[in-house]
Amino acid sequence: AQSVTQLDSQVPVFEEAPVELRCNYSSSVSVYLFWYVQYPNQGLQLLLKYLSGSTLVKGINGFEAEFNKSQTSFHLRKPSVHISDTAEYFCAVTSLKAAGNKLTFGGGTRVLVKP
Amino acid sequence: DAGITQSPRHKVTETGTPVTLRCHQTENHRYMYWYRQDPGHGLRLIHYSYGVKDTDKGEVSDGYSVSRSKTEDFLLTLESATSSQTSVYFCAISPSQGDRPLDGYTFGSGTRLTVV
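Definitions and limits used
- Here the residue numbering is sequential within each chain, running from 1 through the sequence in written order.
- Here chains are named by letter from A upward and ligands by number from 1 upward, in the order in which they appear as written.
- With pLDDT at 70 or above as the cut-off, local features in this predicted model cover only qualifying residues; side-chain atom pairs require 80 or more to be listed or tallied, and sums for whole chains, interfaces and linings still use all residues.
- The side-chain figures draw on all heavy atoms in the structure; neither hydrogens nor water molecules are used.
- By definition in these notes, contact holds between two residues if any of their heavy atoms fall within 4.5 Å.
- By convention, the term buried area covers the 1.4 Å-probe accessible surface removed from two parts as they join, with the contributions of both added.
- Salt bridge, as applied in this entry: a Lys or Arg side-chain nitrogen positioned within 4 Å of an Asp or Glu carboxyl oxygen.
- Polar contact is defined as a pair of N or O atoms within 3.5 Å, subject to the rule that within protein one atom must be able to donate a hydrogen and the other to accept it, and that residues adjacent in sequence are counted only when both atoms are side-chain atoms.
- Under this grouping Gly is polar, as are all residues other than the nonpolar Ala, Val, Leu, Ile, Met, Phe, Trp, Tyr, Cys and Pro and the charged Asp, Glu, Lys and Arg.
- Note on disulfides: each one is a pair of cysteine sulfur atoms within 2.5 Å.
- Each helix is a run of H or I in the DSSP string that is no shorter than four residues. Each strand is a run of E no shorter than two, and both are numbered from the N terminus.
- Exposure classes here rest on a 1.4 Å probe applied to the protein chains alone. A residue is buried below 20% of its type maximum, exposed above 50%, and partly exposed in between.
- Two strands are counted as paired when DSSP detects at least two bridges linking them.
- Axis angles are defined between N-to-C directions and span 0 to 180 degrees, where every axis is a line fitted to C-alpha atoms and, for a helix, only to the segment in contact.

## Quick look at the interface of chain B and chain A
Part 1 of the reasoning: Each partner contributes residues to the interface: chain B has 25 residues there, and chain A has 23 residues.
Part 2 of the reasoning: Buried area between chain B and chain A, summed over both chains or domains, comes out near 1,800 Å², and the portion from carbon and sulfur atoms is 55%.
Part 3 of the reasoning: Scanning the region where chain B abuts chain A turns up zero salt bridges.
Part 4 of the reasoning: At the junction of chain B and chain A, the tally comes to four residue pairs in polar contact (both at pLDDT 80 or more).
Part 5 of the reasoning: Partitioned by chemical class, the residues of the side of chain B that touches chain A number twelve nonpolar, eight polar and five charged.

Printed below as a string of structure tokens:
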């Protein structure tokens, strides 16, 4: 079985400061990893994904994430946040062994960007 | 997202009544999913479909049933709504590319369901 833990439920950060959102996963097989963003009262939007290859993945809106197999982590970072980055962020995992391409989500991290 | 729509967007219903939520896609994707979102729990899978009339349970399927009679439509039914089913429900779709989730999911805008 696969699982995802997002270590911070809320992260307050000042505008133009860097932010890191932590994600750890558990799985017995090779994984595919995703970060999604949910703006208030909206659905989820894909930020970035790791399928294979380079462990540093760049996504939309200046976000990037690094896959670390030995630490089973996939942390999300942005060097300088904007007010518009206020949202909830979800880490998710799946694998070839997951029937139906099922994604397992973490509990989410709320990012509040302060002026 | 233009390729996936959920209806209704909001619904208030009484305990014990049946409720059906609809997910419609125009992408011709093989996989469709129903998730519920609750604070602190992220998104949890209720049911999913891997083809017409092919469905399977997720981790929180009790009290829910689904049907998929056409590729484009995936219905979620709460057979007898309870207050614990008050939640935001999201539908998602995923293409099949050799069974690899290369593009992740595309999500609908959600249905906010309140059971009173």
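## Here's the deal with the state of the cysteines
Part 1 of the reasoning: Under the defined criterion, the tally for this structure stands at two disulfides over all chains.
Part 2 of the reasoning: Between the sulfur of A:Cys23 and that of A:Cys91 lies a disulfide, 2.0 Å long from S to S. Of note, the bridge from A:Cys23 to A:Cys91 carries an S-S torsion of about -65° and is left-handed in sense. With a gap of 68 residues between them, A:Cys23 in strand E4 (residues 23–26) and A:Cys91 in strand E10 (residues 87–95) connect regions that are remote in the sequence.
Part 3 of the reasoning: Assessed through its relative accessible area of 0%, A:Cys23 is described here as buried.
Part 4 of the reasoning: Judged by relative accessible area, which is 0%, A:Cys91 ranks as buried.
Part 5 of the reasoning: Paired through a disulfide, B:Cys23 and B:Cys91 show a sulfur-sulfur distance of 1.9 Å. Judged by the torsion about the S-S bond (-75°), the B:Cys23/B:Cys91 disulfide is left-handed. Of this pair, B:Cys23 sits in strand E3 (residues 19–25) while B:Cys91 sits in strand E9 (residues 87–94); the two residues are 68 residues apart in sequence, bridging distant segments of the chain.
Part 6 of the reasoning: For B:Cys23, a relative accessible area of 0% puts it in the buried group.

## Let's talk about the side chain of B:Gln6
Residues and elements named next belong to chain B.
Part 1 of the reasoning: Tracing the sequence through the fold places Gln6 in strand E1 (residues 4–7).
Part 2 of the reasoning: Residue classification places Gln6 among the buried residues on the basis of a relative accessible area of 8%.
Part 3 of the reasoning: A distance of 3.5 Å separates the side chain of Gln6 from the side chain of Thr111, its partner in a polar contact.
Part 4 of the reasoning: Ignoring any residue separated from it by four or fewer positions in sequence, one finds Gln6 in contact with Arg22, Trp34, Tyr89, Phe90, Cys91, Gly108, Ser109, Gly110 and Thr111.

## Considering the sheet that holds strand E8 (residues 73–78) of chain B
Residue and element names in this part refer to chain B.
Part 1 of the reasoning: What the four strands build is an open sheet, ordered E1-E3-E8-E7; its pairing is antiparallel. If you trace the sheet from one side to the other, it starts and ends with E1 and strand E7 (64–70), each paired once. Pairs of neighbouring strands in the sheet enclose a mean axial angle of 20°, with direction left out of account.
Part 2 of the reasoning: Of the strand pairs in this sheet, E3 and E8 are connected by six bridges, and their pairing is antiparallel. Bridging from a neighbouring strand, Leu21 pairs with Leu76 of E8.

## Quick look at the pattern of salt bridges
Residue and element names in this part refer to chain A.
Part 1 of the reasoning: One pass over the full model with this rule turns up ten salt bridges over all chains.
Part 2 of the reasoning: As a salt-bridge pair, Glu64 and Lys58 come within 2.8 Å of each other at their nearest N and O atoms.
Part 3 of the reasoning: If you follow the salt bridges from partner to partner, you end up with Glu20, Glu66 and Arg77 in one network.

## Considerations on the pairing of E10(A)
Working note: regular strand, side chains alternate between the two faces of the sheet.
Residues and elements named next belong to chain A.
Part 1 of the reasoning: Burial runs high along E10: nine of the nine residues are buried.
Part 2 of the reasoning: Note: strand E5 (residues 31–38) against E10, eight bridges, orientation antiparallel. From the neighbouring strand, Tyr36 faces E10, where its bridge partner is Phe90.
Part 3 of the reasoning: Note that E10 and strand E12 (residues 109–114) share three bridges and pair antiparallel. Bridging from a neighbouring strand, Tyr89 pairs with Thr109 of E12.
Part 4 of the reasoning: For E10 and strand E11 (residues 104–105), the ladder comprises two bridges, and the chain directions are antiparallel. Within E11, the position partnered with Ala92 by the bridge is Phe105.

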